[in-house]
Amino acid sequence: MKAYYYDNAPGDQRQPHDSGRPLSPAALSDLGIHHYHFPDDLASVDRIAHERHYKNRDQIEISPSTLPDYETKVKTFFDEHLHEDEEIRYVMAGGGYFDVRNEGDEWVRIRLEKGDLMIMPAGIYHRFTTDEQNYTKAMRLFKEDPKWTPLKRGTETDSNEFRRDYLKMRDGEADSMPEKQRDGALGSIPDAQRMT
Ligand SMILES: CSCCC(=O)/C(O)=C/O
Ligand SMILES: [Fe+2]
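Residues numbered from 1 in each chain as written. Chains lettered and ligands numbered in written order. Predicted model: local features only at pLDDT ≥ 70, side-chain atom pairs only at ≥ 80, totals over all residues. Heavy atoms only, no water.

Looking at an unreviewed UniProt entry, the protein chain carries the name Acireductone dioxygenase, with the source organism given as Rachicladosporium monterosium. Taken verbatim from the UniProt record of the protein chain, the Sequence similarities (unreviewed entry) comment is "Belongs to the acireductone dioxygenase (ARD) family." Of the protein chain, the UniProt comment under Pathway (unreviewed entry) reads exactly: "Amino-acid biosynthesis; L-methionine biosynthesis via salvage pathway; L-methionine from S-methyl-5-thio-alpha-D-ribose 1-phosphate: step 5/6." (UniProt positions renumbered as here; feature names shortened; annotations may be inferred.)

In structure tokens:
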């Protein structure tokens, strides 16, 4: 995992777009993002899923040969959006980038590779893209139904209750975090494996 500010330069979204300004794991944690590295360790993935009350999962292989209409799908993943559920993504092979908005509405790019597991809070604005290798195999873990429901950023999402709850949590009103997001706190994860 590597996190840095996106350079906002023109060019294919799949290029690194590395501004050269890194972001610390602590700064990612302030955004509500947690990261672990579990290469070939599904037992650890299972443990986190259990502790955080995840009920479902699937696997997706994002590549021109496995995903019909690959180029359109990759552009859809790259539309800025939020989800009303916390989500866990575990990269099993290949790599890709999640971009998330920080407190100043700047894009922060998170590079994930094989073995990286990321927990992303409900309500954070983000987008995803494969890299120039055009190959990401990922496990997607869902608290409830195994479905991917992106809500594209707009005036409606700015007043979405999950967005508002996220901002309260990010901006420090800890008591305001919905109980469903406090569930499965990170307490039992060994510090050696916890990256953020
Ligand atoms: C790497 S998993 C596919 C993308 C995805 O699940 C997501 O939520 C993109 O925003
Ligand atoms: Fe998403």
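Chemist: Explain the overall build of the protein chain here, please?
Modeler: Helix and strand counts for the protein chain stand at six helices and eleven strands. Split into buried and exposed, the 196 residues of the protein chain put 49% on the buried side. Within the protein chain, counting contacts between residues at least 6 apart in sequence, those at least 24 apart form 76% of the total. For the protein chain, the accessible area works out to roughly 9500 Å², and carbon and sulfur atoms hold 49% of it. (Helix = DSSP H or I, 4+ residues; strand = E, 2+ residues; numbered from the N terminus. Buried < 20%, exposed > 50% of the residue type's maximum accessible area, 1.4 Å probe, protein only. Contact = heavy atoms within 4.5 Å. Areas by Shrake-Rupley, 256 points an atom, 1.4 Å probe, with all protein chains shown as cover.)

Chemist: Would you mind going over the UniProt feature "binding site: Ni(2+)" (unreviewed entry) in the protein chain with me for this structure?
Modeler: Residues annotated by UniProt as "binding site: Ni(2+)" (unreviewed entry) correspond here to His81, His83, Glu87 and His126. What stands out for the annotated residues spanning 46 residues is how close their C-alpha atoms remain, the widest pair being 13.2 Å apart. For histidine 81, the position within the fold is in strand β5 (residues 81–82). If near-sequence neighbours (up to four positions away) are discounted, histidine 81 is found in contact with Ile124, Tyr125, His126, Arg127, Trp148, Pro150, Leu151, Lys152 and Arg153. A distance of 3.1 Å separates polar atoms of two side chains, one belonging to histidine 81 and the other to histidine 83. In this structure, glutamate 87 sits in strand β6 (residues 87–101). Ignoring sequence-local partners within four residues, the contact set of glutamate 87 consists of Tyr54, Phe98, Met118, Ile119, Met120, His126 and Leu141. Side-chain polar atoms of glutamate 87 contact the side chain of histidine 83, separated by 3.2 Å. (Polar contact = N/O pair within 3.5 Å; in protein donor to acceptor, adjacent residues only side chain to side chain.)

Chemist: Explain the UniProt feature "binding site: Fe(2+)" (unreviewed entry) in the protein chain here, please?
Modeler: The feature "binding site: Fe(2+)" (unreviewed entry), as given by UniProt, occupies His81, His83, Glu87 and His126 in the numbering adopted here. For histidine 83, the position within the fold is in the loop between β5 and β6. Excluding its chain neighbours within four sequence positions, the residues that come into contact with histidine 83 are Ala122, Gly123, His126, Trp148, Thr149 and Pro150. Engagement of the side chain of glutamate 87 in a polar contact is seen with the side chain of arginine 89, the distance being 3.2 Å.

Chemist: Explanation requested: the packing of aromatic side chains in the structure shown.
Modeler: Two aromatic rings, taken as a pair, are described by how far apart their centres are and by the angle between their planes. Within this structure, the stated rule accounts for four aromatic pairs. Between phenylalanine 77 and phenylalanine 128 the ring centres are 5.9 Å apart and the planes differ by 85°, which places this aromatic pair in the edge-to-face class. With phenylalanine 77 in helix α3 (residues 70–77) and phenylalanine 128 in strand β9 (residues 126–130), the pair connects residues that are 51 residues apart, well separated along the chain. Phenylalanine 77 sits in the buried class, given a relative accessible area of 5%. Here phenylalanine 128 falls in the buried class, since its relative accessible area comes to 10%. Ring geometry for phenylalanine 98 and phenylalanine 128: centres 4.8 Å apart, planes at 50°, overall tilted. You can see phenylalanine 98 sitting in strand β6 and its partner phenylalanine 128 sitting in strand β9, a full 30 residues away along the chain. (Phe/Tyr/Trp six-rings, centres within 6.5 Å; stacked < 30°, edge-to-face > 60°.)

Chemist: How should the side chain of threonine 129 be read in this particular structure?
Modeler: Position of threonine 129 relative to the elements: it lies in strand β9. Classification of threonine 129 by relative accessible area gives buried; the value is 1%. A distance of 3.0 Å separates polar atoms of two side chains, one belonging to threonine 129 and the other to glutamine 13. Beyond its immediate chain neighbours, meaning those up to four positions away, threonine 129 contacts Gln13, Arg14, Val74, Phe78, Gly96, Tyr97 and Arg109.

Chemist: I'm lost on helix α5 (residues 161–170) in this one. Help?
Modeler: Since the α-helix turns once every 3.6 residues, residues separated by three or four places project in the same direction. Within α5, burial applies to Phe162, Arg163, Asp165, Tyr166, Met169 and Arg170. All buried residues of α5 fall inside an arc of 160° around its axis, so they share one side. The distance from a side-chain oxygen at the start of α5 to the backbone nitrogen of phenylalanine 162 is 2.6 Å, and the residue carrying that oxygen is asparagine 160. Glycine 172 lies just past α5 and shows a positive phi near 105°. (Arc of directions from axis to C-beta.)

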